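# Coordinate inspection notes
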Amino acid sequence: MSNQTYNYLWHKTQQELEKNAVSDFDYQQLEPQADRHSVQVTVFEIYAKYVTISNRLEEIYDQMLQPQKRTLIRKLLDSCLGRVVELKHDLVLLDISEFSYNDEILEKLKLTPLDLEVRIPRYFIRERATEINERKRFMDEILKRVGFLDEQEDEEEMTEMDAIRIIQMHERARQGRLRAQFMKEIKFLKEKGKPDSAKDRAETGLMAALRIQKMWRGFATRRQTRQRKMREMVLIGMIPPPPTTKQEKPVDEVEIARQNRYRLQEKYQLDYENSLRDVKDEISTKQGAQMKENIADEIRNWFKEYNRRTGKFPEFPAEELGGSRHLLSRQGTESEVSRSSALSSKDSKKDKNAKGKDGKPQIKSGDINMEDSIEAKFKPGLSMFLPEMKVGIDEYNEVWKNKDESNNFKQTHYEDMVFSDKYSEIENELRRIVDDIMRNELDLLQAALDKDRAAKGKKTKKGAKKARRGGKKGKKKKEKDLTPDRTTESLFEELVMNGIIRKYPETPINTYLGDPSYTARTSLNPTPGDIRSVLIQHCVLPLGSEQIRQFAPCIKSVLLAGPKGSGKRTLVNAICTEVGAVLFDLSPANIVGKYPGKSGLIMLMHLISKVTRLLQPAVIYFGDAEKPFMKKVPKTDRTDPKRLKKDLPKLIKNISPEDRVILIGTTQFPWEADQKALQQTYNRFIYLPRPDYGTLSFTWKELLSQYSGVHRQFDTGIMAKISDGYTVGAIVKTIQEVITCKRMLQLRVQPLTHVELINALSSKEPVYKEEEDAFNQWWARTPLGRRRQKANEQESETRTIEKEPTNGAPAKPKGKGKKK
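Residues numbered from 1 in each chain as written. Predicted model: local features only at pLDDT ≥ 70, side-chain atom pairs only at ≥ 80, totals over all residues. Heavy atoms only, no water.

## Digging into the overall build of the protein chain
Helices and strands together make up the secondary structure of the protein chain, namely 27 helices and five strands. Contacts in the protein chain between residues far apart in sequence, at least 24 positions, make up 81% of those at least 6 positions apart. Accessible area of the protein chain: about 49700 Å², with a carbon and sulfur share of 53%. (Helix = DSSP H or I, 4+ residues; strand = E, 2+ residues; numbered from the N terminus. Contact = heavy atoms within 4.5 Å. Areas by Shrake-Rupley, 256 points an atom, 1.4 Å probe, with all protein chains shown as cover.)

## Let's talk about the sheet that holds strand E3 (residues 618–622)
Taken together, the five strands give an open sheet; going across it, the order is E2-E3-E4-E1-E5, and neighbouring strands pair in parallel fashion. Looking at the sheet topology across the chains shown, the edges are occupied by strand E2 (582–585) and strand E5 (684–687). Neighbour-to-neighbour, the strand axes of the sheet open up by a mean angle of 25°, direction not taken into account. The pairing of E2 with E3 spans four bridges and is classified as parallel. Among the inter-strand pairings, Leu583 is bridged to a residue of E3, identified as Val619. Here helix H17 (residues 568–579) sits on the sheet and contacts strand E1 (557–561), E2, E3 and strand E4 (661–667); the angle it forms with E4, its principal contact strand, is near 165°. Across the face of the sheet, helix H26 (residues 769–779) comes into contact with E1 and E5 while running at roughly 155° to E5. (Pairing = 2+ DSSP bridges. Axes fitted to C-alpha atoms, helices over the stretch in contact; angles between N-to-C directions.)

## A closer look at a negative patch on the surface
Together, Asp278, Asp281, Glu415 and Asp416 give the surface a local cluster of negative charge. Broken down by secondary-structure element, the contributors of at least two residues to the negative patch are helix H9 (245–310) and helix H13 (415–455). Relative to the elements of secondary structure, Asp281 occurs in helix H9. (Patch = residues over 30% accessible without salt bridge, like charges linked within 9 Å, V, L, I, M, F, W, Y side chains within 5 Å. Salt bridge = Lys/Arg side-chain N within 4 Å of Asp/Glu carboxyl O. Lys, Arg positive; Asp, Glu negative; His and termini not counted. Charge placed at Lys NZ, Arg CZ, Asp CG, Glu CD.)

## Section: the packing of helix H6 (residues 129–146) against helix H14 (residues 488–497)
Packed helices, taken two at a time, are described by the angle between their axes plus the distance between the axes. As a packed pair, H6 and H14 sit with axes 10 Å apart at the nearest point and diverge in direction by 55°. In terms of orientation, H6 and H14 fall into the oblique class. Crossing of H6 against H14: the hand is right-handed. Note on element contacts: H14 touches H6 through Glu489, Phe492, Glu493, Val496 and Met497, opposite Arg135, Phe138, Met139, Ile142, Leu143, Arg145 and Val146. (Parallel < 35°, antiparallel > 145°, perpendicular 65-115°, else oblique. Left-handed = near helix turned anticlockwise from the far one by under 90°.)

## What to know about the pattern of salt bridges
This structure, assessed with the given rule, holds 47 salt bridges. Among the ionic pairs, Asp271 bridges to Lys267, the shortest N-O distance being 3.5 Å. Note that Asp271 and Lys267 are positioned in helix H9 at a spacing of four residues, about one turn of the helix. Its relative accessible area of 48% is what places Lys267 among the partly exposed residues. A salt bridge links Arg660 to Glu546; its shortest N-O distance comes to 3.7 Å. One end of the pair, Arg660, is in the loop between helix H19 (647–653) and E4; the other, Glu546, is in helix H16 (residues 546–551), and 114 residues separate them in sequence. With relative accessibility at 8%, the residue Arg660 sits in the buried group. Here the salt bridges share partners, and the residues they tie into one network are Glu58, Glu59, Asp62, Arg119, Arg122, Arg126 and Arg258. (Buried < 20%, exposed > 50% of the residue type's maximum accessible area, 1.4 Å probe, protein only.)

## Some remarks on helix H15 (residues 528–544)
Since the α-helix packs 3.6 residues into each turn, any two residues three or four apart lie on the same face. The largest bend along H15 reaches roughly 45° and is located at Ile536. The element H15 is largely enclosed, with a buried count of 17 among its 17 residues. (Bend = angle between axes of the 7 residues up to and from the residue.)

## Some remarks on the pairing of E3
With five of its five residues buried, E3 lies for the most part within the structure. Here E3 shows no split at all, with Ala618, Ile620 and Phe622 on one side and Val619 and Tyr621 on the other all buried. In the sheet, E3 pairs with E4 via five bridges, with the strands oriented parallel. Looking across to E4, one finds that Ile620 is bridged to Leu663. Assessed by its sense of winding, the connection that carries the chain from E3 through H19 to E4 is right-handed. (Right-handed = clockwise from strand over helix to strand, strands pointing away.)

## Focus on the side chain of Ser545
Structurally, the position occupied by Ser545 is in the loop between H15 and H16. The contacts of Ser545, once residues within four sequence positions are left out, are Asp78, Tyr123, Phe124 and Arg660.

## Focus on H26
When we look at burial in H26, the residues that qualify are Glu771, Ala774, Phe775, Trp778 and Trp779. Buried residues in H26, looked at end-on, bunch into an arc of 130°, giving them a common side. What points out from H26, more than 90 degrees from its buried face, is the exposed set Lys769, Glu770 and Gln777. (Arc of directions from axis to C-beta.)

## Thoughts on the confidence of the model for the protein chain
A residue-level look at the protein chain finds 84% of positions with pLDDT of 70 or above and a mean pLDDT of 81. Here residues 331–371 is a poorly scored stretch, pLDDT under 50, and it has 59 contacts once near neighbours within four places are set aside; other chains count. Per-residue pLDDT stays below 50 along residues 808–820; that stretch engages in eleven contacts with residues further than four places along the chain or on separate chains. (pLDDT = per-residue confidence, 0-100.)

## Quick look at the packing of aromatic side chains
For the coordinates displayed, the defined rule picks out 14 aromatic pairs. On the numbers, 5.9 Å between centres and 80° between planes, the contact of Phe669 with Trp671 is edge-to-face. On the basis of relative accessibility, which here comes to 32%, the residue Phe669 falls in the partly exposed class. The class of Trp671 is partly exposed, set by a relative accessible area of 25%. (Phe/Tyr/Trp six-rings, centres within 6.5 Å; stacked < 30°, edge-to-face > 60°.)

## Looking at the environment of Ala48
Positionally, Ala48 belongs in helix H2 (residues 36–63). By relative accessible area, Ala48 is classed as buried at 0%. Residues Ala48 and Asp115, 67 residues apart in the sequence, show an inter-C-alpha distance of 8.6 Å. If near-sequence neighbours (up to four positions away) are discounted, Ala48 is found in contact with Leu109, Leu111 and Leu116.

## Some details on the environment of Gly514
Inspection of the secondary structure puts Gly514 in the loop between H14 and H15. Once the C-alpha coordinates of Gly514 and Thr699 are considered, the two residues, 185 residues apart in sequence, prove to be 7.2 Å apart. Beyond its immediate stretch of four places on either side in the chain, Gly514 contacts Pro528, Gly529, Arg532 and Phe698.

## Concerning the nonpolar core
Formed by 79 residues in total, the largest nonpolar core has its most connected members in Trp10, Tyr50, Leu560 and Val619. Once you skip the residues sitting within four places of it in the chain, Trp10 turns out to touch Leu57, Ile60, Met64, Lys69, Leu72, Ile73, Tyr396 and Trp400. Grouped together as the second largest cluster of nonpolar side chains are 48 residues, Tyr595, Leu678, Phe775 and Trp778 included. (Core = buried A, V, L, I, M, F, W, Y, C linked by side-chain atoms within 4.5 Å.)

## A few points about the environment of Gly597
Mapped onto the elements of the fold, Gly597 is located in helix H18 (residues 597–614). Classification of Gly597 as partly exposed rests on a relative accessible area of 49%. It is 9.7 Å that separates the C-alpha atoms of Gly597 and Arg643, two residues lying 46 residues apart in sequence.

Structure (structure tokens):
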């Protein structure tokens, strides 16, 4: 698309964003509501609009060329995504489920469930591509040095003589084949014998021609019938169109155009940064001295005017309060606040601990306490992204909404905007320098005034020593650094050599196959698309964006529970791939024999805590998450899983909201762990059930379509029905076992049959009903499951009371209303 198209799309998106932000501000002002269903409708509508807006902003930011626009769009994109995460947490509170549905809102907004899946911003990887590639190269060098990877030997360049010898060898072989064919024909003529009579030759030739004609006509007719049927099926949409070069060509052209825009983006961004630096240097050189003099004269005039009116000098505000800007913005009369900053500091503390109308502290949006009463009224939390969003919308309306860009066809940066921004920046820098000089000058003037008053016999009021405006900030107790003299590279190398930091396969999150749910479901039977969407909002977005991680509700750990082959490891690899994270493997089986003893364990946890902060974003993977919290470890288990039982909760506690670090645990038997200890370690619990019929059918079709030899009319519905109860991992292994390299070459001649797949599938272990019931019972004991169960019990009690007659009279409904 052209620059004009993206500009039009941006302006249209901004209008929708402004309307939705107004609705969001109204939602923030809601009083506590008892009717959670009506609130859920409001929140879900705002949430759905933010998702569609953020997806469009992501596309615009990815392809927009103008660097100054991209800066603003980036702020709006992060604010929208952060608000999506906040509203998702509110929906979890309202629905008492990780998965939210509302078909009425989707129908009203004319959206599909696919439109509600948040698109992961591509800048997570693009803007860190150099860093990620360098880290991979460094890891490969370490693994090659240790011997885990085979070094790829560089092929020597072929000399001219070697090339001539190869050509001569192939030419001799060609001539030999020709001589052999010639000798074969001579031998055939000699052994042919006497020729038949003319009549026999004619009859034999006629029969041969008739047979060839019959076979060809039958083949051609069958081929035409088959092609006509295929065209009809493609026309009515029963099967996808076969891949052809004509269809692939536009896709290639779009990708080429996208890559060209990426190169232009880099060029324009580099020119913009150079312009920023040059303009700043020019302003500092030519106008810096004059700007300092003007600021100093302005402040001195204020001192004189203030002294003339009050007979004394004002107290200079601290830098945190705005410095001379704050001083000059006040009126000429003395204020009670002017001589002391204590009151202002108290006010700032009050703002931090602001309370709502109900007397309770105002919480951030998405703060979840699963033990809250179900009857408690729902109050929207305080959003940390709406103010930033409002600033971005105001900037768009002031600068870009009505800007004439007819003279900027190439969409390069605007020099006048660069000059204005840098002039303000330099003025602020110089004002801080002048403020320090003026503070010293004010102290000298105050001392001279006090000396003059003392000489005239006037008593001077001795005040306490001036307190610093900033006050003493409470210092956070830092843990002792056990490796103060070591570099990040050496720590990284040590963890790689010990297998704690490991490589993971590049796995886009879309490889976790499945669509979002098209009907309302519960937390016990979500579709793969729902699980994918929740993990994007809980894990991927906070890890990819510093702003979202810092201000959105902080989830420090997630537990993925599901049967074998449900895709837990695939999701962990996908999360790491989408944000370019470093993977730390703390599974009990991986740390056996590493960092032994108590001192070794202390060093291991210190290295994990330190290196994860240095190499953000980072994912700490913990397989077999139930083992550290088991009451009795099997004697056959030699991994010593309880070694990290006390250290895991401490590791989670030390993760601050500013750290883009998350612990992801996977388990196949979560009910074997002590639930209290498990819930102290993990913030969220996500159950990955066995796939339903729709997911199985989609998986079979998607996986088999990767093999060109498999007929496109292969009935995957039969396989989906037969494989009911099996996981996607079992299906993947089945296809890999059946369609080997040899079988792949035979697919054209010998088509794939259902019997082959069924025989291979029968050797796999399905998910039995007993295992599924165990997962359901375990989930009912999670914080969200307990709260859900309590809500269902209260709902059933309410229905019973409404239906139950009292003394022969019809029962009164709960609440206001007429008798039934």
